[in-house]
Amino acid sequence: SFERAARSAPDVGSPMFNLGLVLQDERDWSGALAAYRVAASLFGRDTADFSYLADTLRNQGILLTTIGRSREGRTLLEQALAVDPGAVLSWNNYGNALKESRALAQAGGAYARALLIAPGHAEAEWNAARLALLTGHLERGFALYESRWRVRELFPTTRSFAAARYQGLEPVAGRHVFLY
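Below is a short write-up of the structure. (Residues numbered from 1 in each chain as written. Predicted model: local features only at pLDDT ≥ 70, side-chain atom pairs only at ≥ 80, totals over all residues. Heavy atoms only, no water.)

### Some thoughts on the overall build of the protein
For the protein, the helix and strand inventory stands at 9 helices and 0 strands. Of the regular secondary structure in the protein, the N- to C-terminal order runs α-α-α-α-α-α-α-α-α. Rg of the C-alpha trace for the protein: 20 Å, well past the compact-globule value of 16 Å for 180 residues, more than 25% over. Taken over the C-alpha atoms alone, the protein extends approximately 70 × 35 × 30 Å along its principal axes. Relative to its 180 residues, the protein shows a buried fraction of 39%. Taking the intrachain contacts of the protein between residues at least 6 apart in sequence as the baseline, contacts between residues at least 24 apart amount to 41%. (Helix = DSSP H or I, 4+ residues; strand = E, 2+ residues; numbered from the N terminus. Rg over C-alpha atoms; globule rule 2.2 N^0.38 Å. Buried < 20%, exposed > 50% of the residue type's maximum accessible area, 1.4 Å probe, protein only. Contact = heavy atoms within 4.5 Å.)

### Description of the packing of aromatic side chains
This structure, assessed with the given rule, holds 5 aromatic pairs. Ring plane angle 70° and centroid distance 6.1 Å describe the contact between Trp-91 and Tyr-94, whose orientation is recorded as edge-to-face. In this pair, Trp-91 and Tyr-94 both sit in helix 6 (residues 88-100), 3 residues apart, roughly one turn of the helix. Across the pair, Tyr-94 and Trp-91 agree in class, each one buried. Aromatic ring contacts, followed pair by pair, group Trp-126, Phe-142 and Tyr-145 into a single cluster. (Phe/Tyr/Trp six-rings, centres within 6.5 Å; stacked < 30°, edge-to-face > 60°.)

### Looking at the packing of helix 6 against helix 7 (residues 104-117)
Between helix 6 and helix 7, the least distance of the axes is 8 Å, while the angle of their chain directions is 165°. One element, helix 6, and the other, helix 7, form an angle in the roughly antiparallel class. The handedness of the crossing between helix 6 and helix 7 comes out as left-handed. Together, Val-88, Trp-91, Asn-92, Tyr-94, Gly-95, Asn-96, Leu-98 and Lys-99 of helix 6 and Leu-104, Gln-106, Ala-107, Ala-110, Tyr-111, Arg-113, Ala-114 and Ile-117 of helix 7 make up the contact between the two elements. (Axes fitted to C-alpha atoms, helices over the stretch in contact; angles between N-to-C directions. Parallel < 35°, antiparallel > 145°, perpendicular 65-115°, else oblique. Left-handed = near helix turned anticlockwise from the far one by under 90°.)

### Topic: the environment of Leu-98
Turning to its location among the elements, Leu-98 is positioned in helix 6. Overall, Leu-98 belongs to the buried group, its relative accessible area being 0%. In the structure, Leu-98 is positioned 11 residues away from Gly-109 in sequence and 9.9 Å away in space, judged by C-alpha atoms. If we ignore the near neighbours within four places in the chain, the residues touching Leu-98 are Arg-74, Ala-103, Gln-106, Ala-107 and Ala-110.

### A closer look at the packing of helix 2 (residues 14-25) against helix 4 (residues 50-66)
Interhelical geometry of helix 2 versus helix 4 gives an angle of 20° and a closest axis separation of 11 Å. What the angle tells us is that helix 2 and helix 4 run roughly parallel. Between helix 2 and helix 4 lies a crossing whose hand is left-handed. Here helix 2 contributes Phe-17, Leu-21 and Gln-24 to the contact with helix 4, which in turn contributes Asp-55, Thr-56, Asn-59, Ile-62 and Leu-63. Each residue belonging to the contact of helix 2 with helix 4 can be placed in one class, and the counts come to 4 nonpolar, 3 polar and 1 charged. (Nonpolar A, V, L, I, M, F, W, Y, C, P; charged D, E, K, R; others polar.)

### Details of helix 7
Three or four residues apart is the spacing at which side chains of an α-helix point the same way, because the helix has 3.6 residues per turn. With 14 residues, helix 7 should reach 20 Å at 1.5 Å per residue; the first-to-last C-alpha distance of 20 Å fits that figure. Turning to helix 7, its buried residues are Ala-107, Ala-110, Tyr-111, Ala-114 and Leu-115. Here the buried residues of helix 7 occupy an arc of 135° about the axis, which is enough to place them on one side. Exposed and oriented more than 90 degrees from the buried face of helix 7 are Ala-105 and Leu-116. The secondary structure elements touched by the buried residues of helix 7 are helix 6 and helix 8 (122-134). (Expected span 1.5 Å × (residues − 1). Arc of directions from axis to C-beta.)

### Describing the environment of Gly-20
Among the secondary structure elements, Gly-20 is positioned in helix 2. With a relative accessible area of 0%, Gly-20 lands in the buried category. For the pair Gly-20 and Asn-59, spaced 39 residues apart in the sequence, the C-alpha separation amounts to 8.7 Å. Not counting residues within four places of it along the chain, the set of residues in contact with Gly-20 comprises Ala-32, Ala-35 and Tyr-36.

### So, helix 5 (residues 70-83)
Helix length check: helix 5 (14 residues) gives 20 Å between terminal C-alpha atoms against 20 Å at 1.5 Å per residue, within 8%. Residues of helix 5 that are buried include every one of Ser-70, Gly-73, Arg-74, Leu-76, Leu-77, Ala-80 and Leu-81, and no others. Packing partners of the buried residues in helix 5 comprise helix 4, helix 6 and helix 7.

Next up, the structure:
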């Protein structure tokens, strides 16, 4: 349907952007990148479409980072941030690309920027937690690690139990402990 829409309106970027999303979900990396490139060129021609341009550049950067081309991903995420410097998703994913490129200090800065824009953002906290643990900042890492319960990709549904969640404050000797 998006291919037909793109043929019907070749000067409109949204059908190609949406085609890129579908192809990315199907793991057709080259097809998704090609669709995003076309969408970016179309969105880049009109200042009214700049927010869509930032989204398209971000998605390309995420995809490239996912397939192991994190340096290229970083470049596209930098372009997305140049277009929309207040986009929490771009800062978070820029941090991911930096981490994958082994620029760990810069990655921490990107996650911190994301959390300045959107305090409590689950994915940014989760990524900051993993980075802190990776770099040996265990106290901060484990404190932020609790954010994992709010990351939809990790836990699409939330389990609830009648018993209170163990917070590590009470002794467990002689008690039953349920690990989930």
